[in-house]
Amino acid sequence: MLIPSVDLINGHAVQLVGGKVESLKIDAGDPIPIAKRFRLAGDLAIVDLDAALGKGSNKDVMLELIKIASCRVGGGIRTVESALFWLNAGASRVVLGTAATPEVLSQLPKERVVAALDCLHGEVVVKGWTAKTGVSVFDRMKQLKGMVGGFLVTFVEKEGRMEGFDLELVKQLKAICGDDVTLTIAGGVTTVEDVAALDRLGCEAQVGMALYSGRMDLGLAIAAPLVSDRPDGMFPTIVADEQGTVLGLVYSDRESIQEAVRTLKGVYKSRSRGLWFKGATSGDTQDLLRIELDCDRDALLFIVHQNGTGFCHRGVRRCFGDGVHRGLGALMATLLDRKANPVAGSYTNRLFSDPALLRSKLLEEAQELIDATTAEEVAWEAADVLYFALTYAAKSGVSLDDIERHLDLRALRVTRRKGDAKPAAVEASAAAPAPAAAVPSAAVAAVASDETTPALRRLTPDQVQSIDAEPVDASVVDTVQRIVSDVKARGEAALLEHAIRLGDIKEGERYLMRRDELKAVFDSLPIEQQQVLQRTAHRVRVFAQAQRDSVSDLVVPVEGGKAGHDVVPVERAGCYAPGGRYPLPSSVLMTAITARVAGVKSVYVASPRPAAVTVAAAYVAGADALIRIGGPQAIAALAYGAGEIEPVDCIVGPGNKFVTAAKQLVNGLVKIDMLAGPSECLVIADHTADPAIVAADLLAQAEHDPDARPLLISIGDRGLAERVDAELRRQLAVLPTRDVAAQALKNGYAVLVKDIAEAVVVSDKIAAEHLELHVAQPQHLQRLVHNYGGLFVGTMSGEVLGDYGAGPNHVLPTGATARYSGGLSVFTFLRIRTWLDMSDVDKCQRLVEDVEALALLEGLHGHAAAARARLVPKKTQPTEPAAAAAAVAPFDKSLLLRKDLAKLSAYTPIKPLDVVADEIGVPIEQLVKLDANENLYGPPEEVEAAMRQADVRIYPDPGQTYFRRMLADYISGAVPNELFVGTSHNAAVTAEHIVGGSGSDDILDILIRLVDPHTIVVNSPTFGMYSFLAKINKARVLDLPRDGSFNIDVDLLIKTVNNEAASLVFLASPNNPSGNVLPNDDVERILAGCPATLVVLDEAYAEFSEQSAMCLIGRYANLVVCRTLSKWAGLAGLRVGYSVQHADLATVMMGVKQPYNINCTADVAARAALQHSSKILRTVRLLRAERDRLGQVLSKYSWLKPLPSRSNFVLVDVVGRSAALLAATLRWAGVLVRYWSTSRLQRYIRISAGRPQDTDKLLQVLDSLDGVDELAAFRPRALLVSAAALSAGSAAALEALKPLVTLVLLSTESRAATSERLASVSVSEELFSTVVAGPEALPLISAALAQLRSNKVVLVGATVAELEAAKQAGIVSVAVAGDSSSLDAAARAAFAEAGAVRLLAGLQDYAAIAAASWN
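Everything quoted here is computed from the prediction, not taken from an experiment.

## Digging into the packing of helix H27 (residues 691–702) against helix H28 (residues 718–733)
Here comes step 1: For the pair H27 and H28, the least separation of the axes is 8 Å and the interaxial angle reads 60°. Here H27 lies oblique to H28, going by the angle between them. Remark: the crossing between H27 and H28 carries right-handed chirality. Residues Pro691, Ala692, Val694, Ala695, Ala696, Leu698 and Leu699 of H27 pack against Arg723, Val724, Glu727, Leu728, Gln731 and Leu732 of H28.
Here comes step 2: Class assignment of the residues belonging to the contact of H27 with H28 gives a composition of ten nonpolar, one polar and two charged.

What follows is the structure in structure tokens.
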């Protein structure tokens, strides 16, 4: 599509070369005739070069151009006000250059804005193309895409030179724009082929120089995109007049289009006569107004002004139908004909000649239209008004096209005039009743213009009364009752019927939006709106979480036991958000986020006809679904359930009087927050108050609703109310919502009190929803007032900040109910469940006696009997002193410790070598330790010598002075080491950036304690200490699992961190146990995308990876890099770690850490290691080489698949075998590797890189296992045989196994039931050396292992519970499943998940393996 350009200097159309005024190449003179010619193509691009260069303006010329053509306007538009001026003046679009910033664009309609990007070799340039920005055009487009309707990209190096352009670059730019944002290319567009090529890409071609110079023909340029599948190459052409009436169908080709544009006439192509100049012989010519191409570019629309009798050869106007005008077009044609050819006796001619009659008839018909009541009457009278109005227009020489042009220009306005009637018109219509629903604009005039009447009426303190009105409007109760009862009875059918009837949804529309649909709407919002919602959600979530953390479970000792309460959320909640005057995303955030933080599992949001931002807010708030229905029907559906909507336990959120009545009706069936009335704001102010701010806050409340109540208490200052009145008048006059606010001011009042004490009395009587304190000492007054919903202390704490998400909730009690209730909070969604546990019979006897006595006092003999039944006879023999002394007080964890610790799984550390050697009976020196990622070369002699010199008699240095200095030198490269050459390790780090700790675990713990740790994000599988330390600190751990290649979804992480307001993100690079690194580009994306969250990057293995993000420390204040000397420096036993972060954060960390968290020996050893780091790093090179060797040699085993690693270990996928059994077999052979029983890592082992001899020993054992049945290769010292696994053939199997292995019987049944089971399968108890029985498997297994003094044991189990217990105890298990072929996939998966090495048909299978291999 072609966009002709009209560049203006001093009122002339010009063309420059390279955009330089001194390179003026063409001065085309008056732009008006040029625009009339260029407008045939559609939109024109008008550029005010004088304004752009700061040398004047062509405003008047541009306004004239807008009147004659559709124009997009640019040049010198640098403010919102300037852009709005041109949009209101009728510009189709405005083109913004450097002013195209998020701040400006957010205030403009994006579909009407084009961002102009001047591009020099791919880089955006500004200031007349003289200053480079360092920003690529691609990045700038991505930044602005969601905020504009189009881009104008000018290739500066091509501008005015007619040298063509880079089509491949245009393709890349268009890919960014997609289909919803237009792309216009300027600079270098020279030929019609260029125009066609751009059109095929979906781009517009803005052309100047080529058109002015004659290099490009306008007609051929318009026709350039056209294609034809006809042999003659012609294009079907529809001809229509200015009103869109189709006149006929003809054909065109490029030649005829070129001639039509040249002559500005209707010229077409005749298949027999060639060029056809319409009307050349008949005189019925056509003036060509515009040419449009259809979407497929194979047909045309000529818009013309038809002269003469018409288009058709039959002498009529059009070739279709009766060939006559219809409607307004026909009327105007008749009027113009009567004016040109007067007819005797014509009423129209009489009106033309009698201005007074015409004026009177216009007024008369307008009044008759106003008085019309039926649709037919309105149509009849409107036709009369139109007739007389068009007669007046024709008399004045105004055409229908002129009128429509003005209507079109008005449609392009962005801002609207107030639209009030002139005073005379108001006076004339005073007798006419105003519509009931309308707020008369006269209310505004009464407040704004009458300075003698107070904007707020005056009351004395005695006249102030507490509101005693019922919150529910009795007039709507019956209506609401019918709707609620109907939905209760008929469910979804009734819900939809009322929703459609009341306009919530249309017939056939879905009424429920699930998470994925909410997300799609959120993603469609401009990035600025997304970020505002996310930031607001974060503030609300943080405050709600603090509320939740303020109440906890309780345990109190009572006589004979304990009592307590649990704090638990309701299961499901419904959150209502009004859909009335304005969209209220803030209400969605306030209600749904609070429910989520409380722990509610299922959260619905209901909002009628929700705006996109309301839907997006539901997504950000974490709602499960949004119901696109409101009113009583929505409340009933939430309370009783309907269709896809499950009944909820709690309904919250404000609504209109119908919603309030519905909430009252369902209250009791469900919990509700409150019955909300009109909003109210009370300001207590003294002589220090700023009347402009007080007035602004009162108007902010007043614009909510015509029934809102803005209130003022003035302390000892009679003039304050008058000053506030004056400000109310001034601000109201320019307030867009002034009609509503003016009406609400009538409900408000001002009270003058003598002092603070009287102000408190009046305020507590009002008990306002919002209470603002604009006084000299607001904190003092804060302690005196008692009744309010929300308190706003001091001038800066405006109620509007609370409304829009400073943190506290804005759903507050109204109508003086703040005297006994509070606002919405997490407590609204919580239940306090009390409990009693009387476990000590003797100690509770006094309590039981008192209960019996009190029940008898009340005459409740049944109660007394129930208590009496719990009395026990008193003991007569005294307790022996010796026995009493020997008694040990029981330790009650639930009474003395945190309740959540019972659910905390302990971290599983690596056992020391001496313990392992003792367990497996292998001397320490023969053990191969490949399980903990240590440097087995150990520290050099210099470090060991320094350790021997450590003075352990004195406390270590709490400030870690020399350790931190040496670390700074090591990190920043002041200490040269060849290992880091060419890597990104080095960074400008000083001692002030560093904090040392007792291992990196100590650092992690300090960081968690620094923040409010309500949510911490991890990516499993990863270092287990992240989750362990988080749970110890009562944080919620949010796990975003890595993908199948152990990579992180960075986009998901960023969104989740922001949506959940996470305090900390833990990342490991290289990751333990997978060994892969997180690219620095991804680290930067996370840091930039989560600016309010600490991002902790654990680089424990950085020395092995050749990659670090340490270089980012100076650029991101939210980055913490953790390191350790345990891995590379061989100091694992001394526990020395450190972190590098912003110096201010380091200062805080130094202040909260344990004072002496690095002991003397560790301190001197760490400093010695840093001093001799080059020597130690040579061993790091050896370990890296051994790691690579390990990955290669393990690949030769078909059942092992080593993963690539950038650390000092290799994660190995055990294929077709049991990783647990392999780890156990290696362990008992003296080779220690790491195994986890978690489901994600159940099939993996991790092997540390050691010395070559360590790898050799590992390979020796693996060779012995290659081709051998893994179960046969592991000979246990004992078998724990579950009684449930015994069957008819088990006796013979046990007889065969008894000489080979110790047999222990495990039974979770009673001894009697166990004996009965053994008898049923003919198995003698004498076959077992020991029998362990009890209700739970894990304690039994632990007891058996303690007796056996070994864990080289295999459990033969039959239930998932038994296998899970074996996994927890750390022993191997097999499952007896009978005919395993009959097991379904789910059962097999359950056994495998529980850790079973193999499924056996019976114990005889295991006996056969043992007999073949163990003898």
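## Here we look at a nonpolar patch on the surface
Here comes step 1: Residues Phe891, Leu895, Leu896, Leu897 and Leu901 make up a contiguous nonpolar surface patch of roughly 460 Å² in combined accessible area.
Here comes step 2: Secondary-structure assignment places Phe891 in the loop between helix H35 (881–886) and helix H36 (893–896).

## Re the packing of aromatic side chains
Here comes step 1: By the definition in use, this model includes 16 aromatic pairs.
Here comes step 2: An aromatic cluster of at least three residues, connected via ring pairs, comprises Tyr268, Trp276, Phe302 and Phe311.
Here comes step 3: Positioned above the aromatic ring of Trp1228, the side-chain terminus of Arg1227 is 5.7 Å from the ring centre.
Here comes step 4: Sitting over the ring of Phe1274, Lys1352 keeps its end group 5.7 Å from the ring centre.

## A few points about helix H6 (residues 137–144)
Here comes step 1: Among the residues of H6, Val137, Met141 and Leu144 are the ones counted as buried. Projected down its long axis, H6 carries its buried residues within an arc of 75°, all on one side.

## Focus: the pattern of salt bridges
Here comes step 1: In this structure the tally under the stated criterion is 62 salt bridges.
Here comes step 2: With its nearest N and O atoms 2.3 Å apart, the salt bridge here joins Asp253 to Lys269. Remark: Lys269 occurs in strand S15 (residues 267–270) and Asp253 occurs in the loop between strand S14 (246–252) and helix H11 (254–263); sequence separation between them is 16 residues.
Here comes step 3: For Asp253, a relative accessible area of 11% gives the class buried.
Here comes step 4: On the basis of relative accessible area, Lys269 is assigned to the buried category, the value being 18%.
Here comes step 5: Note that Arg1189 and Glu1186 form a salt bridge whose closest N and O atoms lie 2.6 Å from each other. One end of the pair, Arg1189, and the other, Glu1186, are both in helix H47 (residues 1173–1194), three residues apart, so they sit about a helical turn from each other.
Here comes step 6: We classify Arg1189 as partly exposed; its relative accessible area is 25%.

## Focus: the sheet that holds strand S42 (residues 1200–1202)
Here comes step 1: Overall, antiparallel pairing links the four strands, which are arranged S42-S43-S46-S45 in an open sheet. A single partner strand is all that each edge strand has here, and the edge strands are S42 and strand S45 (1234–1235).
Here comes step 2: Bridge count for strand S43 (residues 1209–1214) against strand S46 (residues 1244–1248) is five bridges, and the pairing is antiparallel. Counted as the bridge partner of Asp1213 is Tyr1244 from S46.
Here comes step 3: Strands in contact with H47 are S42, S43 and S46; relative to S43, the strand with the most contacts, it is inclined by about 15°.

Here is what the cut-offs are and how they apply
- Residues numbered from 1 in each chain as written.
- Predicted model: local features only at pLDDT ≥ 70, side-chain atom pairs only at ≥ 80, totals over all residues.
- Heavy atoms only, no water.
- Axes fitted to C-alpha atoms, helices over the stretch in contact; angles between N-to-C directions.
- Helix = DSSP H or I, 4+ residues; strand = E, 2+ residues; numbered from the N terminus.
- Parallel < 35°, antiparallel > 145°, perpendicular 65-115°, else oblique.
- Left-handed = near helix turned anticlockwise from the far one by under 90°.
- Contact = heavy atoms within 4.5 Å.
- Nonpolar A, V, L, I, M, F, W, Y, C, P; charged D, E, K, R; others polar.
- Patch = residues over 30% accessible without salt bridge, like charges linked within 9 Å, V, L, I, M, F, W, Y side chains within 5 Å.
- Areas by Shrake-Rupley, 256 points an atom, 1.4 Å probe, with all protein chains shown as cover.
- Salt bridge = Lys/Arg side-chain N within 4 Å of Asp/Glu carboxyl O.
- Phe/Tyr/Trp six-rings, centres within 6.5 Å; stacked < 30°, edge-to-face > 60°.
- Lys NZ or Arg CZ within 6 Å of the ring centre and 35° of its normal.
- Buried < 20%, exposed > 50% of the residue type's maximum accessible area, 1.4 Å probe, protein only.
- Arc of directions from axis to C-beta.
- Pairing = 2+ DSSP bridges.

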